Amino acid sequence: MVVVGVALIVLLTYLGIYKGNVAATSMVGLYSFPGTVLMSVGVFSLFKSFEGKKKPIDTLMVIVDKNSFGIYLLHMAVLKVFALKVRPDIFGKPYWILVEVALSFVIPFVLMIIYSFIAKNVKKLVKAS
């Protein structure tokens, strides 16, 4: 599912950028685009398959899975702040795509870990008092 979703996104992006097909480009940007949905279902299924395993990478994948909704909610905010405030000159350039992907995952992931830690400790403090 991930491969098919990515292939659809790459194909329509290519058609939009290099062939001038505006309709193809506008479809790719939608969260309800079938390629995005396929890719998302595939990634979530992959992360679910790591539950119950003991290797460190499996544990990390379970942590990512449990925080995935928060990562999803925060990723666009992080990208917008970076694009508008920090380095607007580099966004959209092909060689910066890895930086964009890393930013849209790593920063929200760290923020969710911090939030989870605070939320758990606040619950303990409230119960203790």
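Preceding block: the structure.
Here is a short report on the structure shown in this document. Sequence order as written defines residue numbering, which begins from 1 separately in each chain. The model is predicted, so local features are restricted to residues of pLDDT at least 70 and side-chain atom pairs to those at 80 or more, both for listing and for counting; the totals for chains, interfaces and linings are taken over all residues. Computation of side-chain values covers all heavy atoms of the structure but excludes hydrogens and water.

Along the protein chain, the regular secondary structure elements total 6 helices and 0 strands. Taken against the 2.2 N^0.38 rule, which gives 14 Å for 129 residues, the C-alpha radius of gyration of the protein chain at 18 Å runs more than 25% over that of a compact globule. With the C-alpha coordinates aligned to their principal axes, the bounding extent of the protein chain is approximately 65 × 35 × 25 Å. The buried label goes to any residue with under 20% of its type's maximum accessible area, the exposed label to any with over 50%, and the partly exposed label to all in between, with areas taken from a 1.4 Å probe on protein chains only. Expressed as a percentage of its 129 residues, the buried residues of the protein chain come to 26%. Any two residues having at least one pair of non-hydrogen atoms within 4.5 Å are treated as being in contact. Sequence-distant contacts in the protein chain: of pairs separated by 6 or more residues, those separated by 24 or more amount to 55%. In the form shown here, the protein chain has an accessible surface area of approximately 9300 Å², with 75% of it arising from carbon and sulfur atoms. Strands are runs of DSSP state E lasting at least two residues, helices are runs of H or I lasting at least four, and both sets are numbered from the N terminus onward. Here the globule rule is a power law, 2.2 Å times the number of residues to the power 0.38, and the radius of gyration is based on C-alpha atoms. Residue burial considers only the protein chains on display, and all accessible areas are found by Shrake-Rupley using a 1.4 Å probe.

Glancing now at helix H4 (residues 56-66). Where H4 is concerned, the buried positions are Asp-58, Met-61, Val-62, Val-64 and Asp-65. One side of H4 holds all its buried residues, which, seen down the axis, span an arc of 160 degrees. Across H4 from its buried face, at more than 90 degrees, point the exposed residues Pro-56 and Lys-66. What the arc measures is the spread of directions leading from the helix axis to the C-beta atoms.

What counts as a ring pair is set by centres within 6.5 Å for rings of Phe, Tyr and Trp (its six-membered ring), and what kind of pair is set by the plane angle: stacked under 30 degrees, edge-to-face over 60, tilted for all other angles. Under the definition given, this model contains 3 aromatic pairs. Look at Phe-105 and Phe-109: their rings are 5.4 Å apart centre to centre, the planes differ by 10 degrees, and that puts the pair in the stacked class. Pair noted here: Phe-105 and Phe-109 are both in helix H6 (residues 97-128), with a separation of 4 residues, about one helical turn. Owing to a relative accessible area of 35%, Phe-105 belongs among the partly exposed residues under this scheme. Taking the relative accessible area as the measure of exposure, Phe-109 reaches 14% and is therefore buried.

In this section: the side chain of Asn-67. Here Asn-67 lies in the loop between H4 and helix H5 (68-86). Given the relative accessible area of 9%, Asn-67 is considered buried. Once residues lying within four places of it in the same chain are set aside, the contact partners of Asn-67 are Met-112, Ile-113 and Ser-116.

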